[in-house]
Amino acid sequence: MVPSWKPLWPYRAVLAVDARNFSALDSTGMQQVNADIQPLLAEALDAVDVSAQWERRVFGQHSGDGYVAGVNPEVLPGLVGCFPGALRAALARRRAGKPAGQPLQLRVSVHVGPLPDSGLGVPMVHTHRLLDDDALRAVFNRADPEITNTVMIISQRVYEDVFESGCVNGDVLSGQFTRHLAKVKKFRQPSWIHIPGFDWRLADPEIFEAVDDGPSTAAPARPAAPMPIPPGGAAAPGTVNFSHYGNEGVQAVNYDGRGQW
């Protein structure tokens, strides 16, 4: 007998957004953010020519401070390459129109996988885990809300599908995404974080959890050599001397002025 099999559910690209500091708003502010999120998404997606697919979205769900929906995965290059910048611009226009209010900042996550029309399934759970990663909150906690209003996290699978296919839209580069190990509850998955217009070489690496690719092949750090006493003997008590030695970046401070390095 030929074994029976079950077809996979349709593949969906899942887009989720969440507003920062929603609980700190008063009731009027909460209602305003709730009313603004879907129009902002529609405005940004229309700007990148994804509005037709967005109108056919499935399992759209409003969470009060956010929104999640599934669309055809063929629009992933637009969601990754063009949408973040368009959303940033839409949020900036909202800010310009409401200068007295608190700037709205949105976290965005994108994942892809097989999901039924109900949206119930592991890919949906993973999309929300990515959205809840602390690194996105750390970005907003350090950022000026007048400047940085959008931060996106995408799954490893989305990153590979878009950049390895060479289908990314817009002028975004793979180097504008930084690799990060997303950790929420028991969830542990490699992911990629993007801030529109930001150069990741300027970032503080301590914000992010590095992805372990296995044993390092780099040479072990060279032990620091004993630091010499400055010429002329020990420094006078109470002085502080700073020294920098060699290519390894070894640094030392003479704290007590007695030649103790």
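Read on for a plain summary of the structure. (Residues numbered from 1 in each chain as written. Predicted model: local features only at pLDDT ≥ 70, side-chain atom pairs only at ≥ 80, totals over all residues. Heavy atoms only, no water.)

1. Topic: the overall build of the chain
Counting its secondary structure elements, the chain contains seven helices and nine strands. Burial statistics for the chain: of 261 residues in total, 43% are counted as buried. Pairs at least 24 apart in sequence give 65% of the contacts found in the chain among residues at least 6 apart. Total accessible area on the chain is roughly 14,800 Å²; 53% of this is exposed by carbon and sulfur atoms. (Helix = DSSP H or I, 4+ residues; strand = E, 2+ residues; numbered from the N terminus. Buried < 20%, exposed > 50% of the residue type's maximum accessible area, 1.4 Å probe, protein only. Contact = heavy atoms within 4.5 Å. Areas by Shrake-Rupley, 256 points an atom, 1.4 Å probe, with all protein chains shown as cover.)

2. Brief notes about the nonpolar core
A general feature of soluble globular proteins is that nonpolar side chains tend to end up buried together. In this structure, Leu79, Phe83, Val110 and Ile154 are the most contacted members of the largest nonpolar core, which totals 40 residues. Breaking this core down by element, the ones donating at least two residues are strand 1 (11-19), helix 1 (27-47), strand 3 (66-71), helix 3 (76-81), helix 4 (83-97), strand 4 (106-114), strand 5 (150-155) and helix 7 (156-163). The dominant element in this core, judged by the number of residues it contributes, is helix 1, at six residues. Contact partners of Val110, with chain neighbours within four places excluded, come to Val14, Leu15, Leu76, Leu79, Leu130, Met152, Ile153, Ile154, Ser155 and Val158. Counting twelve residues, the second largest nonpolar core, distinct from the first, contains Leu136, Ala182, Phe187 and Trp200. (Core = buried A, V, L, I, M, F, W, Y, C linked by side-chain atoms within 4.5 Å.)

3. Let's talk about the packing of aromatic side chains
Going through the model one piece at a time under the given rule, you end up with six aromatic pairs. The interplanar angle of 70° and the centroid separation of 5.4 Å between the aromatic rings of Phe163 and Phe177 together place this pair among those described as edge-to-face. Remark: Phe177 occurs in strand 6 (residues 177-184) and Phe163 occurs in helix 7; sequence separation between them is 14 residues. A ring pair is formed by Phe198 and Trp200, whose centres lie 5.2 Å apart and whose planes are at 85°; its orientation type is edge-to-face. By relative accessible area, which is 11% here, Trp200 ends up buried. Following the ring pairs from residue to residue traces out a cluster consisting of Tyr159, Phe163, Phe177 and Trp192. (Phe/Tyr/Trp six-rings, centres within 6.5 Å; stacked < 30°, edge-to-face > 60°.)

4. A short note on the environment of Val14
Looking at where Val14 falls in the secondary structure, it is placed in strand 1. Judged by its relative accessible area of 0%, Val14 is buried. Residues Val14 and Met124, spaced 110 residues apart in sequence, show a C-alpha to C-alpha distance of 7.1 Å.

5. Focus: helix 6 (residues 134-142)
When helix 6 is considered as a whole, its buried residues turn out to be Ala135, Leu136, Val139 and Phe140. On an axial view of helix 6, the arc spanned by its buried residues comes to 140°, and they lie on one face. Within helix 6, the exposed residues directed more than 90 degrees away from the buried face are Asp134, Asn141 and Arg142. Residues of helix 6 that are buried make contact with strand 4, helix 5 (122-131), strand 5, strand 6 and strand 7 (187-194). N-capping of helix 6 is provided by Asp133, with a side-chain oxygen placed 3.0 Å from the backbone N of Ala135. (Arc of directions from axis to C-beta. Polar contact = N/O pair within 3.5 Å; in protein donor to acceptor, adjacent residues only side chain to side chain.)

6. Concerning the sheet that holds strand 4
Read from one edge of the open sheet, seven strands run 2-3-1-4-5-7-6, paired in mixed fashion. Each edge of the open sheet carries a strand with a single partner, namely strand 2 (58-62) and strand 6. Geometrically, the sheet is characterised by an average inter-axis angle of 20° between neighbouring strands, direction not taken into account. Here strand 4 runs beside strand 5; their pairing, made up of five bridges, is parallel. The partner of Arg107 across the bridge, within strand 5, is Val151. Packed onto the sheet, helix 4 meets strand 1, strand 4, strand 5 and strand 7 and runs at close to 155° relative to strand 5. (Pairing = 2+ DSSP bridges. Axes fitted to C-alpha atoms, helices over the stretch in contact; angles between N-to-C directions.)

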